[in-house]
Amino acid sequence: MTLFLAALVLWMAAWWLNTRIAGSSLASSYVGRTAVPVVFGLSVLAIWELVVRGLDVPQVILPAPTVIAETFASETGTLWIDFRQTALKGAISGYVIGCLAAFAVALAIDRSTFLRHGLLPIGGFVAALPIVGTAPILVNWFGFDWQSKAAVVVVMVFFPILVNTVQGLADTAAMQRDLMRTYSASYWQTLLKLRLPAAMPFVFNGLKIATTLALIGAIVAEYFGSPTRGMGFRISTSVGTLELAMVWSEIAVAALAGTLFYGAVTLVERWVTFWHPSQR
Amino acid sequence: MSQAAAIEAKNLDLTFETGDGSIQALQDVTLEIGKGEFVSFIGPSGCGKTTFLRVVAGLETPTGGEVRVNGTSPDEARRDRAYGYVFQEAGLYPWRTIAGNVRLPLEIMGYSKSEMADRVNRVLELVELSGFENKHPWQLSGGMQQRASIARALAFDADILLMDEPFGALDEIVRDHLNEQLLGLWDHTGKTIGFVTHSIPEAVYLSTRIVVMSPRPGRITDIIDNPLPRKRPLDIRDTPEFLEVAQRIRKGLRAGQSYGD
């Protein structure tokens, strides 16, 4: 009970500290802006630890953060193998293939109204398919290894990229297109010098949405067949053997990988679309 | 039609088909603009002044009549880089620097790297934007942006400059300054300029000839030869000659305008 009370006190203290930081002159500085979420995150972890220990929560329901950290530290070898299998091979390759394919189709759709009316609805139809339905089929087609996971990821990221790119390519003012016409610019010149740059904020919206979809797709697809490694495989087998600390470690890896992936795309976005009002 | 004309329009008609009926944007417009002239088009909105400029630029296709630019069709003239077009908005690409924006037409037309650099420097100097090469458009004021867009239209040395209310969105002070600059630029480059405006003082101050137009259907109601000398200080706008021309424009505008609807 004392530990539970300590959790309450800690929560109040952290709250007070964050309010103070947010209200002080530090609030707008880099230190202040980093300190608030860090204090919040650390206090959530500490409260979690205290509550689990204080209330004697069973390991199977919720392991304490320190237990998860111990497992994480002792199993880094396995976690790395799983990460390579699922995130690097499955998610990233699927993401790259899916994004390139969607981009190419978007360009084709943009050139032809026939394709716009034909392909866009099919894209929407594919996007509406539940992953638990498509994943087993794709595993059947492409085998247990990462190729089938990449295929699932391709299906998942395709539509958001497609829709955003098509919309982005349409996002130029009539005046800007007229300007290119007065230069007698060709289709490709107009595309490269005007429409693609103008589309980039939209494209990056799609790319960012797709990062999280890619990781989810690659992990879930492993539930339907995989070699004896991979984050999804490890989660499903560890749940079966009640090794919840391992499950949470994989979740931590997934969260870290997802955040880094998203962050990396956001960095590239900032570099490419520096000119957009949302970035400058 | 004479050979010296930069722009010749003969019995030009243009009807737009819209959802609720057709709109006659231009009716029987006949006009000849000689090389080196500065011609302003003035009239209320809907009088077809912008449409006429767009027809000359080949951005619209007339439904009747004929238009020749440097003795060729507007499309050919465009391929010959015969004209630069300045829109009401500067329309600079925000992802390009000022120099990059001015370079845009040159890149499309395939100039060499050194030639591009030379021309960009020269036209930026012409519009007094030297030193701003590496700024992005959003870092500049509206007047400077519009000057950059004029530099962009000048970069490939077209003989004809078509300007569609280029200073319409700017405040009076900036406008006066740019008018002065434009006049100087016209004076020492000898370009032919077609200039759409709805400011009477601007039209009188700048032009050698003023074309007064009226709407429904868009047509020419008066063409005024401007008697003012080529060199025009800003305070010429207080002289009786200036006011006389302005008055005639105003009368022309009133005559063409039916306030019944």
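Here the structure is a predicted model, which means the values were calculated and not measured.

(A) Structural view of the domain arrangement of chain A. Splitting chain A by domain gives domain 1 (2–57) and domain 2 (72–272). Its C-alpha centre places domain 1 of chain A at a distance of 35 Å from the equivalent point of domain 2 of chain A.

(B) Just the packing of aromatic side chains, in detail. Counting across every chain of the model gives 15 aromatic pairs over all chains. Summarising the aromatic geometry, the rings of tyrosine 95 of chain A and phenylalanine 261 of chain A are spaced 4.8 Å apart at their centres and angled 65° between planes, so their arrangement reads as edge-to-face. Pair noted here: tyrosine 95 of chain A is in helix α4 (residues 76–111) and phenylalanine 261 of chain A is in helix α11 (residues 244–272), with a separation of 166 residues, a long-range link. Judged by relative accessible area, tyrosine 95 of chain A falls into the buried class, the value being 8%. Aromatic rings pair up to connect Phe38, Phe167, Trp186 and Phe195 of chain B into one cluster. It is arginine 111 of chain A that lies over the ring of tyrosine 187 of chain A; its NZ or CZ is 3.6 Å from the centre. Taking the ring centre of tryptophan 186 of chain B as reference, the NZ or CZ of arginine 230 of chain B above it sits at 4.1 Å.

(C) Representation of the pairing of strand β7 (residues 192–197) of chain B. All names here are of chain B. In terms of residue burial, β7 counts as a mostly covered element, since six of its six residues are buried. On β7, burial covers both faces: Thr192, Gly194 and Val196 on one face and Ile193, Phe195 and Thr197 on the other are all buried. Pairing analysis gives five bridges linking strand β3 (residues 38–42) to β7, with the strands arranged parallel. Paired with serine 40 across the bridge in β7 is phenylalanine 195. Of the strand pairs in this sheet, strand β6 (residues 160–164) and β7 are connected by five bridges, and their pairing is parallel. The residue bridging leucine 161 from the neighbouring strand is isoleucine 193, located in β7. For the segment spanning β6, helix α6 (residues 172–189) and β7, crossover handedness is right-handed.

(D) Spatial organisation of a nonpolar patch on the surface. Residue and element names in this part refer to chain A. Judged by side-chain polarity, Leu5, Leu8, Trp11, Met12 and Trp15 come together as a nonpolar surface patch covering roughly 550 Å² of accessible area. Relative to the helices and strands, tryptophan 15 resides in helix α1 (residues 2–23). You can call tryptophan 15 exposed: its relative accessible area is 52%.

(E) Seen up close, the sheet that holds strand β9 (residues 219–225) of chain B. Residue and element names in this part refer to chain B. Sheet architecture is open: six strands sit in the order β5-β6-β7-β3-β8-β9, paired in mixed fashion. Here the strands that pair on one side only, and so sit at the sheet edges, are β5 (83–86) and β9. Between one strand and the next, the sheet's axes are offset by a mean angle of 15°, whatever the strand orientation.

(F) Main features of the packing of helix α3 (residues 65–74) of chain A against α11 of chain A. All names here are of chain A. In the contact formed by α3 and α11, the axes pass within 8 Å of each other and the chain directions differ by 75°. Classified by the angle their axes make, α3 and α11 are roughly perpendicular. Contacts from Val67, Ile68, Thr71 and Phe72 in α3 reach Ala245, Met246, Trp248, Ser249, Ala252 and Val253 in α11. Split by residue class, the contact of α3 with α11 holds eight nonpolar, two polar and no charged.

(G) Geometry of the nonpolar core. With 93 residues, the main nonpolar core has Phe41, Phe52, Leu162, Val204, Ile210 and Ile249 of chain B as its most contacted residues. Among the elements that line this core, the one with the most residues is helix α3 (residues 98–109) of chain B, at seven residues. What phenylalanine 41 of chain B contacts, discounting residues up to four positions off in sequence, is Leu31, Ile33, Lys49, Phe52, Leu53, Gly194, Phe195, Val196, Thr197, Val211 and Met213 of chain B. Leu79, Leu162, Leu191 and Ala254 of chain A belong to the second largest nonpolar core, which has 38 residues in total.

(H) Structural context of the pattern of salt bridges. Counted under the stated rule, the structure contains 22 salt bridges over all chains. The shortest N-O distance in the salt bridge between glutamate 269 of chain A and lysine 208 of chain A comes to 3.0 Å. Note that glutamate 269 of chain A is positioned in helix α11 and lysine 208 of chain A in helix α9 (residues 187–221), a separation of 61 residues in sequence. Pair check on accessibility: glutamate 269 of chain A and lysine 208 of chain A agree, each one buried. One salt bridge in this structure joins glutamate 107 of chain B and arginine 103 of chain B, with 3.7 Å as the shortest N-O distance. Residue glutamate 107 of chain B and its partner arginine 103 of chain B are located together in helix α3, separated by four residues, close to a single helical turn. Taking the relative accessible area as the measure of exposure, arginine 103 of chain B reaches 29% and is therefore partly exposed.

So, how was this worked out
Residues numbered from 1 in each chain as written. Chains lettered and ligands numbered in written order. Predicted model: local features only at pLDDT ≥ 70, side-chain atom pairs only at ≥ 80, totals over all residues. Heavy atoms only, no water. Domains from an automatic or database assignment. Phe/Tyr/Trp six-rings, centres within 6.5 Å; stacked < 30°, edge-to-face > 60°. Helix = DSSP H or I, 4+ residues; strand = E, 2+ residues; numbered from the N terminus. Buried < 20%, exposed > 50% of the residue type's maximum accessible area, 1.4 Å probe, protein only. Lys NZ or Arg CZ within 6 Å of the ring centre and 35° of its normal. Pairing = 2+ DSSP bridges. Right-handed = clockwise from strand over helix to strand, strands pointing away. Patch = residues over 30% accessible without salt bridge, like charges linked within 9 Å, V, L, I, M, F, W, Y side chains within 5 Å. Areas by Shrake-Rupley, 256 points an atom, 1.4 Å probe, with all protein chains shown as cover. Salt bridge = Lys/Arg side-chain N within 4 Å of Asp/Glu carboxyl O. Axes fitted to C-alpha atoms, helices over the stretch in contact; angles between N-to-C directions. Parallel < 35°, antiparallel > 145°, perpendicular 65-115°, else oblique. Contact = heavy atoms within 4.5 Å. Nonpolar A, V, L, I, M, F, W, Y, C, P; charged D, E, K, R; others polar. Core = buried A, V, L, I, M, F, W, Y, C linked by side-chain atoms within 4.5 Å.

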